[in-house]
Amino acid sequence: MSKTRMAAAAMAIGLSIVSAPLVAHHGGAALDSKDITLKGTVIEWFWSNPHCLLQFEVKDAKGQAVRWVGETTNPIELTRSGWTRGSFKPGEQVSVTLRPAKNGRPVGSIRSVLHANGTVFKRDSGEYPGGPAQ
Amino acid sequence: MPRRLVVVVPAALALSLFFLGCSPTDRPAPSGASPDAATPSDPAPAPIRDISGTWEPANRPGDGTQAGGVHNMPNDGAPEHALPYTEYGLATYKSHKALEGVDRVPSAEGNDPRNLCEPLGFPRATHYNFRKTQVLQNEHKVVVLYQFAQTWRLIWIDGRENPKEIPERRWYGYSAGKWVDDYTLVVETVGLMPEDRVWLDATGRPISDQLRVEERFHRVNRDRLELTVTIDDPKMYTRPWLSMDKFPMALRDPRTDIQEMYCSPVELAKYNELYGEAVSDSDNTDSK
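In short, a report on the structure. Owing to the predicted nature of the structure, the values given are computational and were not obtained by experimental measurement.

What follows deals with the overall build of chain B. Along its length, chain B carries 4 helices and 9 strands. Counted from the first residue to the last, chain B has its helices and strands arranged as α-β-α-α-β-β-β-β-β-β-β-β-α. Scored against the burial criterion, the 288 residues of chain B give a buried share of 52%. For chain B, the computed accessible surface area is about 13000 Å², with 54% contributed by carbon and sulfur atoms.

So this is what it looks like as C-alpha cells:
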C-alpha cells in the first residue's frame with residue numbers, strides 16, 4: 001500500500017471513530033419487560049469494552065436467518081462469573097435468554113446462555129459469593 | 001554484619017516491595033482461598049501510617065461503579081440528593097447531556113467525554129468504575145493505581161504543599177497529603193482541568209478548574225480502608241459536599257490479578273454499530 005493510500009485509510013478510520021454516534025452503555029430503559037429464549041448458531045463472540053457482545057443467527061418462523069446481537073457486561077464482571085474470551089466459537093449452538101429491545105430490533109440484554117456442551121453462563125450477580133467483606 | 005550492608009539490605013528489600021506493589025501489610029491469601037474471595041473477619045490492627053495494599057469495594061464488586069452518580073449523592077431525583085448548585089453550576093449541568101441519572105438523554109444525544117475515551121481525570125477516577133485499586137507507598141509518595149483505564153496518580157506525603165500558582169492544569173491535578181493521625185491520611189488535590197474537559201460523574205454533574213478535592217483515607221484495621229471525598233468548587237457549588245462518605249474498601253491478596261479495563265475507541269465504535277445504535281431507537285420512546 002502506498003503512503004498516500006495508507007494515510008487516506010488511516011484518516012478514514014479516524015473519521016469513522018470521531019463521527020461515531022455518542023452511544024454508550026447505559027441502563028435498561030430501552031428494553032422490554034420480559035425475557036425471551038432463542039436457539040441459534042454463534043457468529044461471533046466479541047470480548048471487549050465497554051460490554052461484550054454475542055452475535056448469533058436464529059431462524060425465524062419462516063425459516064429466514066436473523067442475526068441477533070446480545071449484550072452482556074464488561075469482561076471483569078463476566079470473568080467473575082466464569083465467562084472467558086474463548087467461551088463461544090463460530091458455528092457452536094447456543095440457547096440464549098435475553099431481554100429484547102422494545103423497538104423490535106434483534107438486539108437485547110443477555111441474562112444467560114446455555115452452550116450445546118451443557119455449560120450455562122449466567123450474568124454476574126453483582127455480589128461477592130460470601131456477601132460483603134467484613 | 002557490616003554497617004553498610006545493614007543499611008543497604010533493608011533499603012533494597014523495601015524498594016523491591018514497593019515496585020512489586022507488595023506491601024508488607026498486604027494480607028496473605030488464606031490457604032486454599034481464591035485471591036478474589038472476600039476476606040474473612042478477625043482483622044489485625046491497622047499498620048501505622050500505611051494505606052498501601054490492593055483494595056476493592058467491600059460491599060460488592062460494583063459498589064464503586066457509580067453509574068447513577070456519586071456514591072453518597074446519587075442523581076436519582078431524591079430531594080436529599082440535590083446538589084447545592086451555583087447559577088453557573090446549574091447551567092453547566094444542564095449543558096451536559098448524560099446517559100445516566102434522572103436527567104439522562106437518549107443515547108445519540110449524549111456528550112459525555114467518556115464516550116470519546118477522553119481521560120476521566122480526577123476525581124471522576126474515584127467516581128466511575130472504582131474497582132480494584134492498588135496503593136503503593138514509600139516515605140515520599142503514595143501512588144494510586146486505578147483499574148479503569150490503567151490510570152495512576154501521585155500523592156506527595158513528604159511535607160510539601162500543593163503549588164500556589166498552578167504551572168499547568170492536569171487531568172489528575174496536584175496532590176499533597178498529611179497524616180492527621182496514625183491511621184488517617186488527608187489529601188488535597190488542586191490544579192485540575194476546566195469544566196469543558198471533565199465531568200464529576202457519569203450523570204453530568206459539573207466541576208471546574210476551581211475545584212479543590214479533599215480525600216480522607218482512614219485505615220480502620222489491616223483489612224479495611226474507608227474513603228471520604230469532599231467536593232469544594234465555589235464556581236459550581238455554593239458549599240462543600242461529600243461525594244463519598246466512608247466508602248468501604250477491603251484488602252485483597254497482594255497476588256490478586258488486576259484485569260484490564262479500558263476505553264478503546266475501536267471497540268466502542270463496534271459496540272455502537274452492533275448494539276448501541278439499534279437499541280438507541282428504543283431510547284427515544286421513553287427516555288427523558
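So that's the structure; there's more coming.
It is worth spelling out the overall build of chain A at this point. In terms of regular secondary structure, chain A is built from 2 helices and 6 strands. Counting helices and strands in the order they occur from the N terminus, chain A gives α-β-β-β-α-β-β-β. Taken across its 134 residues, chain A has 42% of its residues classed as buried. In chain A, the proportion of contacts linking residues at least 24 apart, taken out of those at least 6 apart, comes to 53%. Accessible area of chain A: about 7100 Å², with a carbon and sulfur share of 57%.

All names here are of chain B. Mapping threonine 126 onto the fold places it in helix H3 (residues 124–127). With relative accessibility at 2%, the residue threonine 126 sits in the buried group. If we ignore the near neighbours within four places in the chain, the residues touching threonine 126 are Gln66, Tyr146, Leu227, Val229 and Met244.

We now examine unusual backbone geometry. The amide bond that connects A:Asn49 to the next residue, A:Pro50, takes the cis arrangement and shows omega of 5 degrees. Looking at the secondary structure, you find A:Pro50 in the loop between strand S1 (36–46) and strand S2 (53–59). Put simply, B:Phe122 and B:Pro123 share a cis peptide bond, and its omega is 10 degrees. The residue B:Pro123 is located in the loop between helix H2 (87–95) and H3 in this model. Positive phi, normally seen in glycine, also occurs at B:Asn129, with a value near 45 degrees. Tracing the backbone through its elements, the reader meets B:Asn129 in the loop between H3 and strand S2 (133–137). Its identity is not glycine, yet B:Gln150 carries a phi of approximately 50 degrees, on the positive side. In this structure, B:Gln150 sits in the loop between strand S3 (141–146) and strand S4 (152–156).

Each partner contributes to the interface: chain B provides 48 residues, whereas chain A provides 42 residues. Carbon and sulfur atoms supply 56% of the area that chain B and chain A bury against each other, a total of about 4100 Å² over both sides. There are 3 salt bridges connecting chain B and chain A. For B:Glu56, the salt bridge goes to A:Arg80, with nearest N and O atoms at 3.2 Å. Across the contact surface, chain B and chain A share 12 residue pairs in polar contact (both at pLDDT 80 or more).

On to the state of the cysteines. What is meant by a disulfide is a covalent connection between two cysteines, made through their sulfur atoms. Throughout the structure, instances matching the rule amount to 1 disulfide over all chains. Sulfur-sulfur distance for the disulfide between B:Cys117 and B:Cys263 comes to 2.0 Å. One quick way to see it: the torsion about the S-S bond of B:Cys117 and B:Cys263 is about -70 degrees, and its sign makes the bridge left-handed. Taken together, the residues B:Cys117 in the loop between H2 and H3 and B:Cys263 in the loop between strand S9 (241–252) and helix H4 (265–286) connect sequence positions 146 residues apart. Judged by relative accessible area, which is 29%, B:Cys263 ranks as partly exposed. Of all cysteine sulfurs in the structure, the one in B:Cys263 sits closest to A:Cys52, which takes part in no disulfide; the separation is 14 Å.

Another aspect to go through is H2(B). Counting along an α-helix, one turn takes 3.6 residues, and residues three or four places apart therefore face a common direction. All names here are of chain B. Within the span of H2, buried status applies to Gly89, Thr92 and Tyr93. Around the axis of H2, the buried residues are gathered within 100 degrees of arc, so they sit on the same side. Exposed residues pointing more than 90 degrees away from the buried face of H2 are listed as Glu87 and Lys94.

Here is what the cut-offs are and how they apply
Residues numbered from 1 in each chain as written. Chains lettered and ligands numbered in written order. Predicted model: local features only at pLDDT ≥ 70, side-chain atom pairs only at ≥ 80, totals over all residues. Heavy atoms only, no water. Helix = DSSP H or I, 4+ residues; strand = E, 2+ residues; numbered from the N terminus. Buried < 20%, exposed > 50% of the residue type's maximum accessible area, 1.4 Å probe, protein only. Areas by Shrake-Rupley, 256 points an atom, 1.4 Å probe, with all protein chains shown as cover. Contact = heavy atoms within 4.5 Å. Buried area = accessible area lost by both parts, 1.4 Å probe. Salt bridge = Lys/Arg side-chain N within 4 Å of Asp/Glu carboxyl O. Polar contact = N/O pair within 3.5 Å; in protein donor to acceptor, adjacent residues only side chain to side chain. Disulfide = S-S within 2.5 Å. Arc of directions from axis to C-beta.

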